[in-house]
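Listed below, chain by chain, are the residues.
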Amino acid sequence: MMQDKKDKNIIMYCTGGIRCEKASAYMLHHGFNHVYHLEGGIINYARQAKAAGLETKFIGKNFVFDDRLGERITEDIIAKCHQCGKPADTHTNCKNDGCHLLFIQCDECAKQFDGCCTVECQTVYNLPLEEQVELRKGIDKGMMVFNKSKKRLRPRLDEMNKK
Ligand SMILES: [Zn+2]
Ligand SMILES: [Zn+2]
């Protein structure tokens, strides 16, 4: 797919400049001749642009991997709430300890769902703690966090198998 782009300029960037550095090295090794990466990533870029009084070309929020989950670069909101679709860019972890899905949620949905990703998770979250622990024993946690769609497909597949 990329084979015809070996002589094109390719610019890579990532949050902190570590993954794109690795990726650009990988591409250079595979015969791409003009690969560049943003040193220090978006974090560094935004700081430098600010220090130099330049307008940043990166708008919105930069996802970061610590507790903040996001560093605001500009006031633009370019993402959407995963629940209602209105503009929002606040990353959150589903409050249900058996889920912890990372997703984008607006303030209203955060209130409506108690910071959970679905009504199902909200129901669990509002159960007494002992019941939650009991429930989690029977659930493959990895499946819930990383493969929500598969989990939803399951009952249907089971149904099909019956026929
Ligand atoms: Zn919402
Ligand atoms: Zn959830």
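Everything below is about the structure printed above this text.
This text gives an overview of the structure that appears in the document. (Residues numbered from 1 in each chain as written. Chains lettered and ligands numbered in written order. Predicted model: local features only at pLDDT ≥ 70, side-chain atom pairs only at ≥ 80, totals over all residues. Heavy atoms only, no water.)

Brief notes about the overall build of the protein chain
A count of helices and strands for the protein chain gives seven helices and six strands. Per-residue burial for the protein chain yields a buried fraction of 30% across its 163 residues. Pairs at least 24 residues apart make up 37% of the contacts formed inside the protein chain by residues separated by at least 6 positions. Counting every atom, the protein chain has about 11,600 Å² of accessible surface; 56% of that belongs to carbon and sulfur. (Helix = DSSP H or I, 4+ residues; strand = E, 2+ residues; numbered from the N terminus. Buried < 20%, exposed > 50% of the residue type's maximum accessible area, 1.4 Å probe, protein only. Contact = heavy atoms within 4.5 Å. Areas by Shrake-Rupley, 256 points an atom, 1.4 Å probe, with all protein chains shown as cover.)

As for the coordination of the zinc ion (ligand 2)
Under perfect tetrahedral coordination by four donors, a metal shows angles of 109.5 degrees; under perfect octahedral coordination by six donors, it shows angles of 90 or 180 degrees. Surrounding the zinc ion (ligand 2) are the protein donor atoms Cys94 (SG), Cys99 (SG), Cys117 (SG) and Cys121 (SG), which sit 2.3 to 2.4 Å from the metal. One can describe the site at the zinc ion (ligand 2) as tetrahedral: its four donor atoms subtend angles covering 105 to 117° at the metal. For the zinc ion (ligand 2), the donor residues sit on a single chain with the sequence spacing C-x4-C-x17-C-x3-C. Of the two residues, cysteine 94 and cysteine 99, neither departs from the other in class, the shared state being buried. (Donors = N, O, S within 2.8 Å, 3.2 Å for Na, K, Ca; no water. Tetrahedral: all angles 85-135°; square planar, octahedral: opposite > 155°, others 65-115°.)

What to know about the coordination of the zinc ion (ligand 1)
Note on the zinc ion (ligand 1): its protein donors are Cys81 (SG), Cys84 (SG), Cys106 (SG) and Cys109 (SG). The metal-donor distances range over 2.3 to 2.4 Å. Every donor counted, the four donor atoms about the zinc ion (ligand 1) form angles of 104 to 115° at the centre, which fits tetrahedral coordination. Assessed through its relative accessible area of 4%, cysteine 81 is described here as buried.

Examining the side chain of threonine 118
Assignment of secondary structure puts threonine 118 in the loop between helix 3 (107-112) and helix 4 (119-125). Look at threonine 118 and you get buried, because its relative accessible area is 14%.

Some points on the pattern of salt bridges
Counted by the stated rule, this structure contains eight salt bridges. Put simply, lysine 5 and aspartate 4 hold a salt bridge, and the shortest N to O gap is 3.7 Å. Taking the relative accessible area as the measure of exposure, aspartate 4 reaches 60% and is therefore exposed. Put simply, arginine 68 and glutamate 71 hold a salt bridge, and the shortest N to O gap is 3.7 Å. Using a relative accessible area of 48% as the deciding quantity, one classes arginine 68 as partly exposed. Taken together, the shared-partner salt bridges in this structure form one network comprising Arg47, Asp66, Arg68 and Glu71. (Salt bridge = Lys/Arg side-chain N within 4 Å of Asp/Glu carboxyl O.)

Thoughts on helix 1 (residues 19-29)
Regarding helix 1, the residues found buried are Cys20, Ser24 and Met27. With its buried residues spanning 60° around the axis, helix 1 presents them on a single face. For helix 1, the exposed residues set more than 90 degrees away from the buried face come down to Lys22, Tyr26 and His29. Turning to helix 1, the residues buried within the fold contact strand 1 (9-12) and strand 2 (34-37). (Arc of directions from axis to C-beta.)

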